[in-house]
Structure formats: structure tokens, C-alpha cells
Amino acid sequence: MASNKMWYTVALGFLLPFSYAHTDFFTSIGHMTDLINTEKDLVISLKDYIKAEESKLEQIKKWAEKLDKLTDTATKDPEGFLGHPVNAFKLMKRLNTEWGELESLVLKDMSDGFISNMTIQRQFFPNDEDQTGAAKALLRLQDTYNLDTDTLSRGNLPGVKHKSFLTAEDCFELGKIAYTEADYYHTELWMEQALKQLDEGEVSSADKVYILDYLSYAVYQQGDLSKAMMLTKRLLELDPEHQRANGNMKYFEYIMAKEKEANKSSTDAEDQTEKETEFKKKDYLPERRKYEMLCRGEGLKMTPRRQKRLFCRYYDGNRNPRYILGPVKQEDEWDKPRIVRFLDIISDEEIETVKELAKPRLSRATVHDPETGKLTTAHYRVSKSAWLSGYESPVVSRINTRIQDLTGLDVSTAEELQVANYGVGGQYEPHFDFARKDEPDAFKELGTGNRIATWLFYMSDVSAGGATVFPEVGASVWPKKGTAVFWYNLFPSGEGDYSTRHAACPVLVGNKWVSNKWLHERGQEFRRPCTLSELE
Ligand code: OGA
Ligand code: FE2
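Residues numbered from 1 in each chain as written. Chains lettered and ligands numbered in written order. Predicted model: local features only at pLDDT ≥ 70, side-chain atom pairs only at ≥ 80, totals over all residues. Heavy atoms only, no water.

1. Points about the overall build of the chain
Counted only if it meets this: Helix and strand assignments follow DSSP, with helices taken as H or I runs no shorter than four residues and strands as E runs no shorter than two, numbered in order from the N terminus. Working definition: with a 1.4 Å probe on protein chains only, accessible area under 20% of the residue-type maximum means buried, over 50% means exposed, and in between means partly exposed. Only the protein chains shown count as cover for residues, with accessible areas throughout obtained via the Shrake-Rupley method and a probe of 1.4 Å.
From N to C terminus, the chain includes 17 helices and 18 strands. Within the chain, the fraction of its 536 residues that count as buried is 44%. Accessible area of the chain: about 30,600 Å², with a carbon and sulfur share of 55%.

2. Remarks on the packing of aromatic side chains
Geometrically, a pair of aromatic rings is defined through the distance of the ring centres and the angle of the planes. Short version of the rule: Stacked, tilted and edge-to-face are the three classes assigned to paired rings of Phe, Tyr and Trp, where Trp is represented by its six-membered ring and a pair needs centres within 6.5 Å; plane angles under 30 degrees give stacked, over 60 edge-to-face, the rest tilted.
Inspection of every chain in the model, using the stated rule, returns 21 aromatic pairs. Each ring, one from Y220 and one from F252, has its centre 5.5 Å from the other, and the planes form 45°; the classification is tilted. One end of the pair, Y220, is in helix α9 (residues 208-221); the other, F252, is in helix α11 (residues 243-264), and 32 residues separate them in sequence. The pair Y220 / F252 is uniform in exposure class, with both members buried. Ring plane angle 55° and centroid distance 6.3 Å describe the contact between Y315 and F342, whose orientation is recorded as tilted.

3. Quick look at the coordination of the iron ion (ligand 2)
Definition in use: Sodium, potassium and calcium take a 3.2 Å donor cutoff, other metals 2.8 Å, and in both cases only N, O and S atoms count; water is not among them, so sites may look incomplete.
At this site the iron ion (ligand 2) is bound by H431 (NE2), D433 (OD) and H502 (NE2), with donor distances of 2.1 to 2.2 Å. Ordering the donors of the iron ion (ligand 2) by residue number gives the pattern H-x1-D-x68-H. Of this pair, H431 sits in strand β10 (residues 427-431) while H502 sits in strand β16 (residues 502-504); the two residues are 71 residues apart in sequence, bridging distant segments of the chain. Here the two residues H431 and H502 agree in accessibility, since each one is buried.

4. Quick word on the sheet that holds strand β7 (residues 381-382)
Selection criterion: Two strands make a pair as long as DSSP finds a minimum of two bridges between them.
With antiparallel pairing, the 5 strands of this open sheet are ordered in space as β7-β10-β16-β13-β14. The open sheet has two edge strands, β7 and β14 (475-477), and neither has a second partner. Where strand β13 (residues 468-470) lies against β16, 2 bridges are found, and the strand directions are antiparallel. Across the sheet, the residue bridging to T468 is A504, located in β16.

5. Comments concerning the state of the cysteines
The criterion, for reference: By disulfide we mean two sulfur atoms from cysteines, separated by a distance within 2.5 Å.
One pass over the structure, following the stated rule, counts 1 disulfide. Two residues share a disulfide in this structure: C295 and C505, whose sulfurs sit 2.0 Å from each other. Looking down the S-S bond of the C295 and C505 bridge, the torsion is -90°, so its handedness is left-handed. On the criterion of sequence distance, the pair formed by C295 in helix α13 (residues 287-295) and C505 in the loop between β16 and β17 (507-509) is long-range, its members being 210 residues apart.

6. Considering the sheet that holds strand β8 (residues 384-388)
The following threshold applies: It only takes one pair of heavy atoms within 4.5 Å for two residues to be counted as in contact. With axes taken as lines fitted to C-alpha atoms, and helix axes fitted only over the stretch in contact, angles between N-to-C directions fall between 0 and 180 degrees.
Judged by pairing direction, the sheet is antiparallel, and its 9 strands sit side by side in the order β1-β2-β3-β15-β11-β18-β9-β8-β4 without closing on themselves. Looking at strand neighbours, the two that pair on one side only are β1 (312-315) and β4 (363-364), the edges of this open sheet. Looking at chain direction, β4 and β8 are connected through 2 bridges and run antiparallel. If you follow R364 over to β8, its bridge partner there is K384. The strands that helix α16 (residues 348-358) touches are β8, β9 (417-422), β11 (451-458) and β18 (512-520); relative to β8, the one it contacts most, it runs at about 105°. Its contacts with the sheet put helix α17 (residues 394-407) on β1, β2 (328-334), β3 (339-343), β8, β9, β11, β15 (484-488) and β18, and the angle it makes with β11 is roughly 125°.

7. Remarks on the site of ligand 1
Threshold: Nearness here has a simple test: a residue counts as near a molecule or strand if at least one of its heavy atoms is within 4 Å of that partner. Pairs of N or O atoms are called polar contacts if they sit within 3.5 Å, as long as, within protein, a hydrogen donor faces a hydrogen acceptor (for residues adjacent in sequence, only side-chain-to-side-chain pairs). The way it works is a 1 Å grid over only the protein atoms, where trapped points that fit a 1.4 Å probe form a cavity and open points with protein on both sides within 12 Å along at least five of seven lines form a pocket, and then any residue with an atom within 4 Å of a point lines it. If over half the atoms of a molecule are within 2 Å of the grid points of a cavity or pocket, the molecule is regarded as sitting in it. Amino acid classes used here: Ala, Val, Leu, Ile, Met, Phe, Trp, Tyr, Cys and Pro are nonpolar; Asp, Glu, Lys and Arg are charged; the rest, including Gly, are polar.
Taken together, R381, Y422, Y428, H431, D433, L456, T468, H502, A504, K512, V514 and W518 are the residues near ligand 1. The side chain of H502 places a nitrogen or oxygen atom 2.9 Å from an oxygen atom of ligand 1. K512 has a polar side-chain atom sitting 2.7 Å from an oxygen atom of ligand 1. Here ligand 1 loses 98% of its free accessible area of 290 Å² to cover by the protein chains. Spatially, ligand 1 is embedded in the largest cavity. Listing elements by their share of the shell around ligand 1, those giving two or more residues are β10, β16 and β18. When grouped by side-chain class, the residues that make up the shell around ligand 1 number 6 nonpolar, 3 polar and 3 charged.

These results come straight from atomic positions and should not be treated as a statement about function.
Below, the structure is given as C-alpha cells:
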């Protein structure tokens, strides 16, 4: 392996600004549609500007042509020309006033309307942080959904309606963003893609020398010295005087020689431990990997035997008068923890109303900081959300009643209806909905106890991605518009059920709307009596 010294070298120094972007725009499609309209508006005023500029140029051209003819005649026989008194007068007039007018016309600024529109709209433009955020979302999607760089760059995603390509310059940009995050793995992928597109003849302002500079550094940082050398050689063919590349080349050669020396004296025992750690790496699946696999629809842990015990049925809310005549469709999604799905449980009209009520209030979703118990934004929860009260709309109130009727749980102690919108890349990494014992009591102020259960409406289909997954048990639940899922977070004893740990996978294509109701312990004493056992 390459020596540790590699990490200390300044020979290949770029600056590494580590910044934490507070990205907001791309987290929700709701707000990005406004940007599309802004852009449309700007295009219209840009076209108006072009028209004005063209008509100005047309006027100037006509003047030039007229004068061209006139001066032609005049210069051929100046005396004869000026012998005509009208010509003499017109020459005076032209030079005294008309050329002045033309000058004013040439100087006239036609861009007023466009520029002032631009100035106003620019206040609402996304900033550098938004751009970085959107780029990082793209890199996250690439990992979660195992997309190769070429597929992503050529826009070959499943379920897309509007195909979109990345230019070599876009790829370079993504590589640079990965680079500033010290993410050399993605830097390499994207710089290589940029280079590939240029090699294939794409016309671009992206510069191979720059790309190779980043690429060789990223490759070197990941320990592939000979590839880094090869890339540096390529750079030097294009720009033999490149200072840093020349310096790096010498440095690489030095390291290479030292490694050869060290390799000669390495023993078999070392090889053995290296193999062992590699084995361990493969065998151990951290939660992140499980989560990403489930998001891709891999790694589901359901046996055919257990599957046979999952049913669907008509459910009347335990003989609830409102549902006896019209029971609802209910499906078992999972056995342990038990997750059920209700079908056709919220209508398209209700969904529209809920979305419209939420839209103006959508803001970056927050989480409870486990240390302080306070609400903050977090990179692991990327979506926008809003809370709706039953008092503000009969639709919300009706929905709350429906949840109460079908779960048998009192909704008067529940939190308000939360509406969430995830844009492309939007996600909520694995978490529990209930508060753990070791946390400062996040729900103390509410006085309603812990979150006993979760009801989650899917208010849209998602073209690709966006599943709700349970990495502890290997379950994925796919969004389907008009359905809702329900599960208990707590055992009847009040203990938290750790198998309910779950996540919202990043949206790959499209956008995802959900709304959820967190039901609390208080009020359920007779509806779901507590027991001492966890096993009920
Ligand atoms: C939540 C949650 C899952 C999803 O908001 O707590 O887990 O699929 N949402 O949106
Ligand atoms: Fe959740």
C-alpha cells in the first residue's frame, strides 16, 4: 500500500474549502416550479430585448445604406453635386442634426426592460449553496441507486419523461464539487466522464489540462500511483510547462521508487492480515448499505413461508359504524413489525386540497437534536414540510377522523397532520419516529407521551426511487398514490420497538408527496391497554 506520507504532502496542493452548504431550493419541487416560471418570464423579456436591438440595428442599417449611395454620388462629382442648392442645404442639415441623431440612436440602451427584470428576479435566484446542494443530491443518487456515471450523464434514468444530458463542462463542475468535499471517489468518476466526452469529440469550453489536473490528484489520493502518473504524463503532453504537473511527476517517481524498496521486504504475514480485513469488509453490512440496497429494491428479507401469512382483507375499523357498510381495503405489507397498507384511503380531490393548503407553508423539514431536544435542520432529512390543523379545513378534519376510525386510536392527542414534499434527491435517512429513553424528552412539552404509532399517506406516485424502507428487518414499502401505511412504534408495554427504524429513500425521478400523523400514547389507555409484555 502507498505510504501514509501521501496524506501530508503539499506538493499537489489545491485549496480545500470545507463548507457546509445550507441547501434549501432543491429540497422541494413545489418551490422549484416557481423558478421555472421565473426563467420563462426572463426568456420573454430577453426576446423583447433582442427584438428592440434588431429593430434599432435595422434603422441604423437603412441609414448607412442611404448614406452609402449618397456619398458615392457626391464623391464622384463633388462640385456638380453641391451646385444644386437643395443638396447643399441637405448636407448642412445632415451634418448638423441628422448625424447627431444617429449617434444618439447608436448609443441608445435597449436593454433597460430586460436588465431591470433581471435585477428584480435575481433576488429569488438560487445561490452557490443551492447549486452545490443540487450537485451533492446527484452524487447521493448515484450511490444509492448504483448508477454509472455514463448512464447519468446521458440521462438514461428509469421513468424519465424529459431526457436531459450533462455536458463535459457539467461533468467537470460535478467533479469539482466532489473535490471540494474531499470526495475523491466521485471526483475521479466525474472528471473521467468529462474527459471521455471530450475525447469523443464533444465541443466544449472545458479544458483537458484542468480536468487531468484534478483527475490525477483524485486518483493519487485514492492510492493508485501508477494511474496518477499515467494521467500526469498525459497532462504534460498537452502542456509540457505545467508547473504543478512537473512537480508531481518527480514526486510520484520518488514515491514509486520508495515503495518498490519497501515491497521487497514485506512479509507473507502482512498479506494474510490484509486479506482478512478485506473479508471482514465484505461480510459486514453497515446500515447505510442495507438502506441503499432496500432503496434499490434489493435485499428484501421476506421468506415465502412468511409471505404466505400476509393477507389482504376488507376492514370495517373494528365494526365502526362509518365503515360497516363500506369497509376499506387493507393489505399486510409486513409481519414483524406489523405494517398494514390501506388502499384508496384518500381521494385525489382530498390530496389536491391538502397539497394546496400546504404549499404556501412548506419550509425545510426539521428534526429533534438529540443533544438539546431542540428542532434543527439536518442533511439527513432533505424535504420541505408543513403542518395542517383540523380546524382550518373540513378536509383535514375529515382525514383526522378517518385515521381515528381506522386505527381505533384517539387523534385528539396526535400531532397535527404533517405534509412533506421531497424533490429529486430528497430523503430521510434511517430514524425512529419515537423518542428514545436516553434522549431529553422531545415530547415533554406536548404532555401526550411518546409517539405510539405512525400513519403515513402516500399522496403521489414516484417515477423512480422514494420507497419507505425498514433496514432492521429488510422491508421496503413503495409509494402508491391514494394509499396509506400504518405501524406501531411502541410495544403495548410502552417500550420502543427498534425494528421500526425506517427511512425515506431519495427520490430519483419525479417528486414525492406524503402526509403523516403521529399518534401519541395519551388517550389510548382504553383503546390499546398497556401490558407488561413486549411481545403483544
Ligand atoms: C417520516 C418518514 C417516510 C417517507 O416523515 O418520519 O419516515 O416515506 N417518512 O416519507
Ligand atoms: Fe419516520
